[in-house]
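Below, each chain spelled out in residue letters.
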Amino acid sequence: MSGVIDFSVYNIDSIIWAVLLGLVGSLLLWKAARTATSGVPGRFQAAVEILVEMVDNQAKGIVHNAQSRKLVAPLALTVFVWIFLLNSMDFLPVDLFHGIFGATGLDHTIHYFRVVPTADLSTTLGMSVSVLLVCLFYNIKIKGAGGWFHELISAPFGGHPILWPFNFIFQIIEFIAKTVSHGMRLFGNMYAGELIFMLIALMGGAAAASLSGVLLPVGHILAGSIWAIFHILIVALQAFIFMMLTLVYIGQAHDAH
(Lines give C-alpha, C1' and ligand atoms only; values in the text may rest on other atoms or scores of the structure.)
Protein backbone atom coordinates (compact mmCIF):
# COMPACT_ATOMS: atom_id res chain seq x y z
CA MET A 1 0.00 0.00 0.00
CA SER A 2 1.10 3.63 -0.12
CA GLY A 3 2.45 6.43 1.99
CA VAL A 4 2.32 10.07 0.93
CA ILE A 5 4.51 9.27 -2.07
CA ASP A 6 6.48 6.20 -3.00
CA PHE A 7 7.72 5.62 -6.53
CA SER A 8 9.57 2.41 -5.59
CA VAL A 9 6.40 0.28 -5.57
CA TYR A 10 2.98 0.29 -7.17
CA ASN A 11 0.40 1.97 -4.92
CA ILE A 12 -2.23 -0.71 -5.44
CA ASP A 13 -4.87 1.07 -3.36
CA SER A 14 -4.66 4.27 -5.42
CA ILE A 15 -4.63 2.31 -8.68
CA ILE A 16 -7.68 0.24 -7.73
CA TRP A 17 -9.74 3.26 -6.66
CA ALA A 18 -8.65 5.31 -9.66
CA VAL A 19 -9.58 2.54 -12.14
CA LEU A 20 -12.85 1.75 -10.34
CA LEU A 21 -13.99 5.37 -10.21
CA GLY A 22 -12.84 5.91 -13.78
CA LEU A 23 -15.17 3.10 -14.81
CA VAL A 24 -17.99 4.61 -12.72
CA GLY A 25 -17.50 8.01 -14.37
CA SER A 26 -17.41 6.47 -17.84
CA LEU A 27 -20.58 4.50 -17.08
CA LEU A 28 -22.40 7.63 -15.90
CA LEU A 29 -21.45 9.59 -19.03
CA TRP A 30 -22.33 6.61 -21.25
CA LYS A 31 -25.72 6.30 -19.57
CA ALA A 32 -26.38 10.03 -20.04
CA ALA A 33 -25.52 9.80 -23.75
CA ARG A 34 -27.53 6.62 -24.27
CA THR A 35 -30.69 7.84 -22.53
CA ALA A 36 -30.58 11.42 -23.86
CA THR A 37 -33.80 12.61 -25.46
CA SER A 38 -34.69 15.66 -27.55
CA GLY A 39 -37.71 16.38 -25.35
CA VAL A 40 -37.80 17.75 -21.83
CA PRO A 41 -34.69 16.34 -20.11
CA GLY A 42 -34.74 14.72 -16.72
CA ARG A 43 -32.60 15.98 -13.86
CA PHE A 44 -29.70 13.67 -14.63
CA GLN A 45 -29.65 14.53 -18.33
CA ALA A 46 -30.00 18.24 -17.57
CA ALA A 47 -27.08 18.13 -15.13
CA VAL A 48 -24.85 16.32 -17.63
CA GLU A 49 -25.85 18.71 -20.43
CA ILE A 50 -24.98 21.72 -18.26
CA LEU A 51 -21.60 20.15 -17.43
CA VAL A 52 -20.86 19.29 -21.08
CA GLU A 53 -21.82 22.79 -22.23
CA MET A 54 -19.64 24.38 -19.55
CA VAL A 55 -16.60 22.31 -20.51
CA ASP A 56 -17.20 22.88 -24.24
CA ASN A 57 -17.42 26.67 -23.74
CA GLN A 58 -14.17 26.66 -21.76
CA ALA A 59 -12.47 24.58 -24.46
CA LYS A 60 -13.65 26.95 -27.22
CA GLY A 61 -12.30 29.95 -25.32
CA ILE A 62 -8.85 28.41 -24.80
CA VAL A 63 -8.19 25.96 -27.64
CA HIS A 64 -9.00 27.75 -30.90
CA ASN A 65 -8.33 24.79 -33.19
CA ALA A 66 -11.72 23.23 -33.94
CA GLN A 67 -10.17 19.93 -35.02
CA SER A 68 -8.20 19.63 -31.78
CA ARG A 69 -11.29 20.36 -29.69
CA LYS A 70 -12.90 17.15 -30.94
CA LEU A 71 -10.42 15.33 -28.68
CA VAL A 72 -9.55 18.01 -26.13
CA ALA A 73 -13.12 18.85 -25.02
CA PRO A 74 -14.07 15.21 -24.21
CA LEU A 75 -10.67 14.82 -22.54
CA ALA A 76 -11.35 17.85 -20.32
CA LEU A 77 -14.81 16.51 -19.46
CA THR A 78 -13.32 13.14 -18.53
CA VAL A 79 -10.67 14.81 -16.39
CA PHE A 80 -13.25 16.85 -14.49
CA VAL A 81 -15.64 13.96 -13.82
CA TRP A 82 -12.84 11.55 -12.91
CA ILE A 83 -11.07 13.88 -10.49
CA PHE A 84 -14.39 14.96 -8.95
CA LEU A 85 -15.18 11.32 -8.17
CA LEU A 86 -11.66 10.68 -6.85
CA ASN A 87 -11.86 13.74 -4.59
CA SER A 88 -15.33 12.74 -3.38
CA MET A 89 -13.89 9.64 -1.68
CA ASP A 90 -12.80 12.06 1.04
CA PHE A 91 -16.42 12.18 2.24
CA LEU A 92 -16.33 8.54 3.39
CA PRO A 93 -16.02 8.16 7.20
CA VAL A 94 -12.36 7.95 8.17
CA ASP A 95 -12.95 4.80 10.25
CA LEU A 96 -15.09 3.00 7.65
CA PHE A 97 -12.37 0.77 6.25
CA HIS A 98 -10.83 0.29 9.68
CA GLY A 99 -14.09 -1.39 10.70
CA ILE A 100 -14.25 -3.43 7.49
CA PHE A 101 -10.65 -4.61 7.72
CA GLY A 102 -11.02 -5.28 11.43
CA ALA A 103 -13.98 -7.54 10.76
CA THR A 104 -12.01 -9.49 8.17
CA GLY A 105 -8.84 -9.78 10.24
CA LEU A 106 -6.88 -7.36 8.05
CA ASP A 107 -6.91 -4.43 10.47
CA HIS A 108 -3.10 -4.06 10.19
CA THR A 109 -3.59 -3.04 6.55
CA ILE A 110 -5.63 0.08 7.36
CA HIS A 111 -2.53 1.97 8.49
CA TYR A 112 -1.30 2.00 4.90
CA PHE A 113 -4.59 2.03 3.00
CA ARG A 114 -5.35 5.22 1.04
CA VAL A 115 -8.93 5.67 -0.06
CA VAL A 116 -8.47 9.13 -1.66
CA PRO A 117 -6.24 8.62 -4.73
CA THR A 118 -5.73 12.36 -5.23
CA ALA A 119 -4.21 12.58 -1.74
CA ASP A 120 -1.42 10.36 -3.11
CA LEU A 121 1.25 12.45 -4.83
CA SER A 122 2.11 9.54 -7.10
CA THR A 123 -1.41 9.70 -8.55
CA THR A 124 -1.58 13.45 -9.13
CA LEU A 125 1.91 13.62 -10.63
CA GLY A 126 0.98 10.71 -12.88
CA MET A 127 -2.01 12.73 -14.10
CA SER A 128 0.07 15.87 -14.65
CA VAL A 129 2.72 13.90 -16.56
CA SER A 130 -0.06 12.51 -18.77
CA VAL A 131 -1.16 16.08 -19.51
CA LEU A 132 2.47 16.93 -20.35
CA LEU A 133 2.58 14.08 -22.86
CA VAL A 134 -0.61 15.37 -24.50
CA CYS A 135 0.94 18.85 -24.70
CA LEU A 136 4.10 17.47 -26.30
CA PHE A 137 1.95 15.60 -28.81
CA TYR A 138 0.12 18.76 -29.85
CA ASN A 139 3.35 20.78 -29.95
CA ILE A 140 4.69 18.37 -32.55
CA LYS A 141 1.36 17.89 -34.37
CA ILE A 142 0.59 21.61 -34.74
CA LYS A 143 4.09 23.00 -35.27
CA GLY A 144 5.89 20.01 -36.70
CA ALA A 145 9.00 18.47 -35.14
CA GLY A 146 11.24 21.08 -36.73
CA GLY A 147 9.01 24.00 -35.81
CA TRP A 148 8.75 22.89 -32.19
CA PHE A 149 12.51 22.36 -31.92
CA HIS A 150 13.07 25.83 -33.36
CA GLU A 151 10.71 27.22 -30.72
CA LEU A 152 12.65 25.41 -27.97
CA ILE A 153 15.87 27.19 -28.91
CA SER A 154 14.50 30.57 -30.03
CA ALA A 155 11.99 31.51 -27.30
CA PRO A 156 11.73 33.45 -25.09
CA PHE A 157 14.93 35.47 -25.63
CA GLY A 158 15.26 35.39 -29.42
CA GLY A 159 16.84 33.34 -32.19
CA HIS A 160 20.48 34.39 -31.87
CA PRO A 161 22.71 31.27 -31.65
CA ILE A 162 24.33 32.54 -28.43
CA LEU A 163 20.90 32.48 -26.77
CA TRP A 164 19.96 28.96 -27.88
CA PRO A 165 21.23 27.15 -24.74
CA PHE A 166 19.50 29.64 -22.43
CA ASN A 167 16.23 29.41 -24.35
CA PHE A 168 16.34 25.62 -24.25
CA ILE A 169 17.04 25.54 -20.51
CA PHE A 170 14.19 27.96 -19.78
CA GLN A 171 11.80 25.93 -21.96
CA ILE A 172 12.66 22.71 -20.11
CA ILE A 173 12.29 24.46 -16.74
CA GLU A 174 8.88 25.74 -17.83
CA PHE A 175 7.67 22.25 -18.80
CA ILE A 176 8.93 20.78 -15.52
CA ALA A 177 7.50 23.60 -13.38
CA LYS A 178 4.07 23.41 -15.01
CA THR A 179 3.93 19.64 -14.63
CA VAL A 180 5.06 19.56 -10.99
CA SER A 181 2.83 22.46 -9.91
CA HIS A 182 -0.13 20.92 -11.77
CA GLY A 183 0.13 17.71 -9.75
CA MET A 184 1.22 19.31 -6.47
CA ARG A 185 -1.71 21.74 -6.36
CA LEU A 186 -4.31 18.98 -6.44
CA PHE A 187 -2.37 16.76 -4.05
CA GLY A 188 -1.76 19.54 -1.51
CA ASN A 189 -5.39 20.55 -1.27
CA MET A 190 -6.75 17.02 -1.00
CA TYR A 191 -4.07 15.82 1.42
CA ALA A 192 -4.70 18.81 3.69
CA GLY A 193 -8.44 18.19 3.57
CA GLU A 194 -7.89 14.53 4.48
CA LEU A 195 -5.75 15.54 7.47
CA ILE A 196 -8.41 17.93 8.74
CA PHE A 197 -11.05 15.18 8.58
CA MET A 198 -8.71 12.95 10.60
CA LEU A 199 -8.10 15.66 13.19
CA ILE A 200 -11.85 16.18 13.57
CA ALA A 201 -12.27 12.42 14.01
CA LEU A 202 -9.54 12.43 16.68
CA MET A 203 -11.44 15.17 18.48
CA GLY A 204 -14.43 12.84 18.63
CA GLY A 205 -12.17 10.09 19.99
CA ALA A 206 -10.88 12.43 22.68
CA ALA A 207 -14.47 13.24 23.61
CA ALA A 208 -15.30 9.57 23.98
CA ALA A 209 -12.26 8.98 26.19
CA SER A 210 -12.83 11.99 28.44
CA LEU A 211 -15.67 12.18 30.95
CA SER A 212 -15.09 15.90 31.41
CA GLY A 213 -15.07 16.72 27.72
CA VAL A 214 -18.79 17.40 27.55
CA LEU A 215 -18.52 19.98 24.79
CA LEU A 216 -16.14 17.96 22.62
CA PRO A 217 -18.87 15.74 21.07
CA VAL A 218 -20.85 18.86 20.14
CA GLY A 219 -17.74 20.49 18.71
CA HIS A 220 -16.91 17.29 16.86
CA ILE A 221 -20.30 17.20 15.14
CA LEU A 222 -20.30 20.91 14.33
CA ALA A 223 -16.72 20.95 13.05
CA GLY A 224 -17.25 17.82 10.98
CA SER A 225 -20.47 19.14 9.43
CA ILE A 226 -19.03 22.58 8.64
CA TRP A 227 -15.86 21.16 7.13
CA ALA A 228 -17.81 18.58 5.08
CA ILE A 229 -20.00 21.33 3.59
CA PHE A 230 -16.97 23.49 2.85
CA HIS A 231 -15.13 20.47 1.45
CA ILE A 232 -17.84 19.98 -1.18
CA LEU A 233 -16.69 23.25 -2.72
CA ILE A 234 -13.04 22.18 -2.50
CA VAL A 235 -13.74 18.84 -4.19
CA ALA A 236 -15.51 20.50 -7.14
CA LEU A 237 -13.13 23.47 -7.31
CA GLN A 238 -9.97 21.35 -7.44
CA ALA A 239 -11.44 19.20 -10.21
CA PHE A 240 -12.35 22.37 -12.14
CA ILE A 241 -8.90 23.93 -11.63
CA PHE A 242 -7.10 20.79 -12.80
CA MET A 243 -9.35 20.65 -15.86
CA MET A 244 -8.80 24.34 -16.66
CA LEU A 245 -5.03 24.05 -16.35
CA THR A 246 -5.16 21.04 -18.65
CA LEU A 247 -6.98 23.14 -21.24
CA VAL A 248 -4.60 26.09 -20.75
CA TYR A 249 -1.48 23.97 -21.19
CA ILE A 250 -2.88 22.24 -24.28
CA GLY A 251 -3.96 25.65 -25.63
CA GLN A 252 -0.42 26.93 -25.14
CA ALA A 253 0.87 23.99 -27.16
CA HIS A 254 -1.14 25.36 -30.11
CA ASP A 255 0.35 28.86 -29.83
CA ALA A 256 3.56 29.84 -31.58
CA HIS A 257 6.08 32.02 -29.73
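Residues numbered from 1 in each chain as written. Predicted model: local features only at pLDDT ≥ 70, side-chain atom pairs only at ≥ 80, totals over all residues. Heavy atoms only, no water.

1. Looking at the pattern of salt bridges
Counted only if it meets this: By definition here, a salt bridge exists when the distance from a side-chain nitrogen of Lys or Arg to a carboxyl oxygen of Asp or Glu is within 4 Å. The buried label goes to any residue with under 20% of its type's maximum accessible area, the exposed label to any with over 50%, and the partly exposed label to all in between, with areas taken from a 1.4 Å probe on protein chains only. Note on conventions: DSSP H or I runs of at least 4 residues are helices, E runs of at least 2 residues are strands, and numbering of each starts at the N terminus.
Across all of its chains, the model carries 3 salt bridges by this definition. Among the salt bridges present, the one from Lys-143 reaches Glu-151, with a minimum N-O distance of 2.9 Å. With respect to burial, Lys-143 and Glu-151 carry one shared label: buried. We note a salt bridge from Lys-178 to Glu-174, for which the minimum N-O separation is 3.7 Å. One end of the pair is Lys-178 and the other is Glu-174, both in helix H6 (residues 164-209) and 4 residues apart, which spans about a single turn.

2. Looking at unusual backbone geometry
Here the amide bond leading from Ala-155 into Pro-156 is cis, since omega sits at 15°, within 30 degrees of zero. By the element assignment, Pro-156 lies in the loop between helix H5 (121-154) and H6.

3. Quick look at the nonpolar core
Cut-off, in case you're wondering: Among buried residues, the Ala, Val, Leu, Ile, Met, Phe, Trp, Tyr and Cys ones that are joined through side-chain atoms within 4.5 Å form a nonpolar core.
Ile-83, Val-115, Phe-242 and Met-243 are the most contacted members of the largest nonpolar core, which totals 39 residues. Mapped by element, the contributors of at least two residues to this core are helix H1 (12-34), helix H2 (43-62), helix H3 (66-88), H5, H6 and helix H7 (215-254).

4. A word on the side chain of His-182
Note the threshold: The contact criterion used throughout is that any non-hydrogen atoms of two residues lie within 4.5 Å.
Mapped onto the elements, His-182 comes out in helix H6. What makes His-182 buried here is its relative accessible area of 1%. For His-182, the contacting residues outside a window of four places in its chain are Ser-128, Val-131, Phe-242, Leu-245, Thr-246 and Tyr-249.

5. Focus on the packing of aromatic side chains
Threshold: In this scheme Phe, Tyr and Trp rings, the latter by its six-membered ring, pair at centre separations within 6.5 Å, and the angle between planes marks the pair as stacked below 30 degrees, edge-to-face above 60, and tilted otherwise.
Inspection of the entire model under this criterion finds 5 aromatic pairs. Aromatic pair Phe-137 and Tyr-138: ring centres 5.1 Å apart, planes at 75°, arrangement edge-to-face. Ring centres 5.1 Å apart and planes at 90° place the aromatic pair Phe-157 and Phe-170 in the edge-to-face group. Placement of Phe-157 in the loop between H5 and H6 and of Phe-170 in helix H6 is noted, with a sequence separation of 13 residues between them.

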